Amino acid sequence: MVLAGGQRQHMAAVGHDDEAGFLAVEEFLAAYPDFELAPGEIVKWSVGQIRGPRELPVRITGRAKDIIFVSGQNFYPHDIEALLEQHAGIELGKAAVCGARAAGDSADQVLVFVIHRGSEQDFLPIAATVRKTVNEHAGLPIDQVIPIARIPKTTSGKIQRYKLADAYLQGEYSEILKNLDALAASQQEPADAAGGDI
């Protein structure tokens with residue numbers, strides 16, 4: 001939705017037709033996973049005690065989707081996760097695919113989160129398999145493959161991809177990605193040196 005000042009936010013309606021309010025996004029997804037309003041609808045929602053008893057006019061712009069947009073094409077996370085199960089041996093529910101778009105970017109960064117409790121070194125071949133599998137079977141380059149201890153889900157078991165994307169954009173995984181890049185580079189150096197010997 002778009003607030004009166006132009007700010008875009010997630011929104012959920014609660015209560016009866018004459019009662020509405022704002023919820024935290026995670027509360028919304030947990031309690032109302034199938035909530036939807038018609039795009040273009042203009043209504044007034046009471047902000048309630050969170051920001052004081054006032055009303056704001058908002059315009060519904062559509063329901064937040066999990067679709068990933070790259071090079072003018074739409075990709076569906078569930079399809080990619082199914083590919084990983086079929087061709088990379090990663091069980092459903094053990095990987096989460098999402099798109100993350102930083103401010104000013106024209107396309108999504110494609111992220112794959114994989115549950116991994118081993119070492120960062122052991123994760124490198126897993127990441128390589130993920131990249132190769134998705135590229136070969138979907139034609140989609142992966143920007144980052146990220147090890148994660150758990151995948152956030154709603155109480156009904158739906159993956160909360162927006163939480164992973166938000167955490168990535170906020171830099172939560174920057175250190176581990178830096179470590180993985182360094183490990184990959186250190187493995188590549190001996191191979192390059194060996195290739196240069198005659």
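Scroll up to find the structure.
If you're wondering where the values come from, they're calculated on a predicted model, not measured in any experiment. (Residues numbered from 1 in each chain as written. Predicted model: local features only at pLDDT ≥ 70, side-chain atom pairs only at ≥ 80, totals over all residues. Heavy atoms only, no water.)

> Hey, could you run me through the sheet that holds strand β6 (residues 95-100) in this one?
What links the strands of a sheet is backbone hydrogen bonding, and the strands pair in either a parallel or an antiparallel sense. Spatially, the 3 strands line up as an open sheet ordered β6-β7-β8, and their pairing is mixed. With partners counted over all chains shown, the strands left at the sheet margins are β6 and β8 (144-148), one partner each. Direction aside, the axes of adjacent strands within the sheet are offset by 25° on average. Alignment of β6 against strand β7 (residues 109-115), held across 6 bridges, turns out to be antiparallel. Note that in β7 the partner of glycine 99 across the bridge is valine 110. Relative to β8, helix α3 (residues 120-138) is tilted by about 135°, and along the sheet it contacts β7 and β8. (Pairing = 2+ DSSP bridges. Helix = DSSP H or I, 4+ residues; strand = E, 2+ residues; numbered from the N terminus. Axes fitted to C-alpha atoms, helices over the stretch in contact; angles between N-to-C directions. Contact = heavy atoms within 4.5 Å.)

> Mind showing me how you'd approach the pattern of salt bridges here?
One side chain can pair with another of opposite charge once the charged atoms of both are near each other. If you walk through the whole model with that rule in mind, you get 2 salt bridges. Across the pair arginine 161 and glutamate 81 runs a salt bridge, and its minimum N-O distance is 2.8 Å. Placement of the pair is arginine 161 in helix α4 (residues 161-169) and glutamate 81 in helix α2 (residues 77-88), with a sequence separation of 80 residues. A relative accessible area of 7% means that glutamate 81 is categorised as buried. When the shortest N-O distance is used, the salt bridge between aspartate 108 and arginine 101 registers 2.9 Å. Overall, aspartate 108 belongs to the buried group, its relative accessible area being 13%. (Salt bridge = Lys/Arg side-chain N within 4 Å of Asp/Glu carboxyl O. Buried < 20%, exposed > 50% of the residue type's maximum accessible area, 1.4 Å probe, protein only.)

> Honestly, α2 in this entry has me stumped. Any pointers?
Side chains three or four residues apart in an α-helix point the same way, a direct result of the helix having 3.6 residues per turn. A rise of 1.5 Å per residue sets the reference length of α2, with its 12 residues, at 16 Å; its end C-alpha atoms lie 15 Å apart and thus fit the reference within 8%. When we look at burial in α2, the residues that qualify are Pro77, Ile80, Glu81, Leu83 and Leu84. The buried residues of α2 occupy one face: seen down the axis, they fall within an arc of 150°. α2 presents His78 and Gln86 as exposed residues on the side facing more than 90 degrees away from its buried surface. Along its buried surface, α2 packs onto β4 (68-70), β5 (73-75), β6, β7, α3 and α4. The positive-phi residue at the C-terminal boundary of α2 is glycine 89, with phi of around 70°. (Expected span 1.5 Å × (residues − 1). Arc of directions from axis to C-beta.)

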